[in-house]
Amino acid sequence: MAKIVAIVTMQHEQVGGGAPIFVEPDIAKRESTAFLLEKILDASVHDLKNGCFILVDHRQ
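Residues numbered from 1 in each chain as written. Predicted model: local features only at pLDDT ≥ 70, side-chain atom pairs only at ≥ 80, totals over all residues. Heavy atoms only, no water.

This paragraph deals with the nonpolar core. Of all hydrophobic cores here, the largest spans eight residues; its members are A6, V8, A34, L37, A43, V45, F53 and L55. Where this core is concerned, the elements lending two or more residues are strand 1 (3-9), helix 1 (27-41) and strand 4 (52-57). With sequence-adjacent residues up to four places away left out, A34 is seen in contact with V8, V45, F53 and L55. (Core = buried A, V, L, I, M, F, W, Y, C linked by side-chain atoms within 4.5 Å. Buried < 20%, exposed > 50% of the residue type's maximum accessible area, 1.4 Å probe, protein only. Helix = DSSP H or I, 4+ residues; strand = E, 2+ residues; numbered from the N terminus. Contact = heavy atoms within 4.5 Å.)

So, on to the sheet that holds strand 2 (residues 21-23). Read across the sheet, four strands follow the order 2-1-4-3 without closing on themselves; strand pairing throughout is mixed. The outermost strands of the open sheet, each flanked by one partner alone, are strand 2 and strand 3 (44-47). This sheet shows a mean twist of 20° between the axes of neighbouring strands, independent of strand direction. Bridge analysis of strand 3 against strand 4 gives four bridges, and the strand direction is antiparallel. Of the residues in strand 4, the one forming a bridge with V45 is L55. (Pairing = 2+ DSSP bridges. Axes fitted to C-alpha atoms, helices over the stretch in contact; angles between N-to-C directions.)

Within strand 4, six of the six residues are buried, leaving the element largely enclosed by the surrounding structure. Burial of the side chains of strand 4 extends over both faces: C52, I54 and V56 are buried on one face and F53, L55 and D57 on the other. In textbook terms, the turn of a hairpin is the stretch between consecutive antiparallel strands, and for strand 3 and strand 4 this stretch comprises four residues, one of which, K49, has a positive phi near 65°.

Moving on to unusual backbone geometry. A positive phi is found at D42, a non-glycine position, where the angle reads about 55°. Considering the arrangement of structural elements, one finds D42 in the loop between helix 1 and strand 3. Relative accessible area serves as the criterion here: at 51%, D42 is assigned to the exposed category. Phi at K49 takes a positive value of approximately 65°, unusual for a residue other than glycine. Position of K49 among the secondary structure elements: in the loop between strand 3 and strand 4.

Take a look at the structure:
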């Protein structure tokens, strides 16, 4: 099963849970942070189209 390893969001109030949350109010910085974490964590980034990116480890 896949596991959410990080969340990058514009508004901290939109998300919760046990994964690390990175708050980036600037759109360009949010994207940059998400794609940098994708490489660092060897995960896949998914845009939820609501101001949030989730980074998911699909390996089993």
